[in-house]
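# Close look at the chain arrangement
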Amino acid sequence: MLKWYKEAGQNNDVVISSRVRLARNLKEYPFSAKLTNKQAAELVEKAKAAAQLIESHADRKFYSCSADVLGDTEKTALVERHIISPLLVAKEQSTGLILSEDESISIMVNEEDHFRIQSITGGMNIGAAFLEANKIDDIAGDIFEFAFHEKYGYLTSCPTNVGTGMRASYMMFLPALTVAGKIIKLAEELGQYGIALRGTYGEASKSVGSLYQISNQKTLGSTEKEIMDALDRIVEQVMKQERRQREYILTNNYDEFEDKVHRSYGVLKYATQLSSSDAMTLLAQLKLGTDMNLIHLGEGYNIHELMMEIQPGNLQCQLDKNVGSIQRDKYRADYIRKKLPEPIH
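First, a word on scope: everything that follows refers to the structure included in this document. (Residues numbered from 1 in each chain as written. Predicted model: local features only at pLDDT ≥ 70, side-chain atom pairs only at ≥ 80, totals over all residues. Heavy atoms only, no water.)

### A few points about the packing of helix α10 (residues 312–319) against helix α11 (residues 325–339)
Two elements in contact, α10 and α11, have axes separated by 11 Å at closest approach and are oriented at 80 degrees. By the angle between their axes, α10 is roughly perpendicular relative to α11. Contact residues: Pro312, Leu315, Gln316, Gln318 and Leu319 in α10; Arg328, Tyr331, Arg332 and Tyr335 in α11. Split by residue class, the contact of α10 with α11 holds 5 nonpolar, 2 polar and 2 charged. (Axes fitted to C-alpha atoms, helices over the stretch in contact; angles between N-to-C directions. Helix = DSSP H or I, 4+ residues; strand = E, 2+ residues; numbered from the N terminus. Parallel < 35°, antiparallel > 145°, perpendicular 65-115°, else oblique. Contact = heavy atoms within 4.5 Å. Nonpolar A, V, L, I, M, F, W, Y, C, P; charged D, E, K, R; others polar.)

Right, here's the structure in full:
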């Protein structure tokens, strides 16, 4: 089954992915912060039992498991692929995961809320992500009774999620704005419109490879459509800023930047050791170079897919064993050498 991140999407020179998360809590249980260990375990078992019903109604293959019993490497790999959150990994109580075969739909059990229903698509298509998440929400809503208030909407652990319980977000590739030192100012500007700019893995994380999450901060008093429309308007403006900055680079530093792109390719293609940080920086420069037609790697070649595959957890899952950082750096360099095609002249 082709994973969602292997498919090209709209505006994927700047917008890597679109994601919708719906926070839901079961009426019969206290919020996660008040759950007993026994209740947390019960919730996970109920969710796993419901996975088959969800599968039959959603007409796609799903897997389910107790997430807390997974190995550290598997958990790390799932975080790297944006399937689970660092918060779920940190939980000490029982946690669960329901995941579609193409990894585009997932349900985290016992994260900040009882259920976090997530749908993710490649490129700029938040509407499609919402339709899929809403479909799973409807199916789950027929199985479970969610905590809902006629005036306030869905009740959630965090007050900012009360209402629709929806967090819509885009993963954006902003290397030109990053190099220009404009990210902090951009984050401040977005904050004035109720939009958050965060690192690659969400709250309290740093950007890796110039990847940033942009999402709504509040849901109360707004419909799902209003939230998505407002986010789309903001993202359109951020896209314009990033593309203008790229044009500035081409106009004022063409030769210097072209050289940097080809140097990045050379290091990636011939290095014998590469740390995760170095590899992501070089791949970000290479992706920007391909987006700006300074280097050609073939129609449809997906550098973001390679970015995900060379993260520490995913590398070790491919090796099927835990290895130290030096061995990882050697294997990462070898993996990139094999995956990178020769430039097309």
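### As for the packing of helix α2 (residues 72–80) against α10
With their axes 7 Å apart at the nearest point, α2 and α10 run at an angle of 125 degrees to one another. Here α10 runs oblique to α2, going by the angle between their axes. Taken as a pair, α2 and α10 cross one another with a handedness that is left-handed. Where α2 abuts α10, its residues Thr73, Glu74, Thr76, Ala77 and Glu80 lie against Pro312, Gly313, Asn314, Gln316 and Cys317. Class assignment for the residues of the contact of α2 with α10 results in 3 nonpolar, 5 polar and 2 charged. (Left-handed = near helix turned anticlockwise from the far one by under 90°.)

### As for the sheet that holds strand β4 (residues 105–109)
Taken together, the 8 strands give an open sheet; going across it, the order is β2-β3-β4-β5-β1-β8-β10-β9, and neighbouring strands pair in antiparallel fashion. Each edge of the open sheet is held by one strand with a lone partner, namely β2 (62–66) and β9 (195–198). Averaged over all adjacent pairs, the angle separating strand axes in this sheet is 20 degrees, with direction ignored. Across 5 bridges, β4 lies against strand β5 (residues 115–122) in antiparallel orientation. The partner of Ser106 across the bridge, within β5, is Gln118. Packing against the sheet, helix α4 (residues 126–143) makes contact with β1 (15–24), β2, β4, β5 and β8 (166–173), and its axis sits at approximately 25 degrees to β1. (Pairing = 2+ DSSP bridges.)

### Here's the deal with the pattern of salt bridges
In the structure shown here, the tally under the stated rule is 23 salt bridges. Put simply, Asp102 and Arg60 hold a salt bridge, and the shortest N to O gap is 3.5 Å. Residue Asp102 is located in the loop between β3 (96–100) and β4, and its partner Arg60 is located in the loop between α1 (37–58) and β2; the two are separated by 42 residues in the primary sequence. The class of Asp102 is buried, set by a relative accessible area of 16%. The exposure class assigned to Arg60 is partly exposed, which follows from its relative accessible area of 24%. Among the charged side chains, a network of salt bridges with common partners joins Asp13, Glu242, Arg243, Arg246, Lys287 and Asp291. (Salt bridge = Lys/Arg side-chain N within 4 Å of Asp/Glu carboxyl O. Buried < 20%, exposed > 50% of the residue type's maximum accessible area, 1.4 Å probe, protein only.)

### Some remarks on the side chain of Thr73
By secondary structure assignment, the location of Thr73 is in helix α2. Within polar-contact distance, the side chain of Thr73 engages the side chain of Asn322 at 2.4 Å. Beyond its immediate sequence surroundings of up to four residues, Thr73 is in contact with Gly313, Gln316, Cys317 and Asn322. (Polar contact = N/O pair within 3.5 Å; in protein donor to acceptor, adjacent residues only side chain to side chain.)

### Here's the deal with the packing of aromatic side chains
We describe a pair of aromatic rings using the distance from one ring centre to the other and the angle between the two ring planes. Summed over all chains, the structure comprises 5 aromatic pairs. When the centroid spacing of 5.2 Å and the interplanar angle of 70 degrees are considered together, the rings of Phe115 and Phe144 count as edge-to-face. One end of the pair, Phe115, is in strand β5; the other, Phe144, is in the loop between α4 and β6 (148–149), and 29 residues separate them in sequence. For the pair formed by Phe115 and Phe144, the shared burial category is buried. Look at Phe148 and Tyr154: their rings are 4.9 Å apart centre to centre, the planes differ by 75 degrees, and that puts the pair in the edge-to-face class. One aromatic cluster is present, built from ring pairs that chain together Phe115, Phe144 and Phe146. It is Arg24 that lies over the ring of Tyr154; its NZ or CZ is 3.5 Å from the centre. (Phe/Tyr/Trp six-rings, centres within 6.5 Å; stacked < 30°, edge-to-face > 60°. Lys NZ or Arg CZ within 6 Å of the ring centre and 35° of its normal.)

### A look at the nonpolar core
Core analysis: the biggest nonpolar cluster contains 52 residues, and Val20, Ile136, Met172, Leu174 and Ile214 have the highest contact counts within it. Once residues lying within four places of it in the same chain are set aside, the contact partners of Leu174 are Val14, Ile183, Leu186, Ser210, Tyr212, Val238 and Glu242. Residues Phe257, Leu274, Ile303 and Tyr335 belong to the second largest nonpolar core, which totals 32 residues. (Core = buried A, V, L, I, M, F, W, Y, C linked by side-chain atoms within 4.5 Å.)

### Section: the pairing of β4
β4 sits mainly inside the fold: 5 of its 5 residues count as buried. In this structure, β3 lies alongside β4, joined through 4 bridges in antiparallel fashion. Paired with Leu99 across the bridge in β4 is Ser106. Counted along the chain from β3 to the antiparallel partner β4, the turn is 4 residues long, and its residue Glu103 has a positive phi close to 65 degrees. Between β4 and the antiparallel strand that follows it, β5, lie 5 residues; Asn110 among them carries a positive phi value of about 70 degrees.

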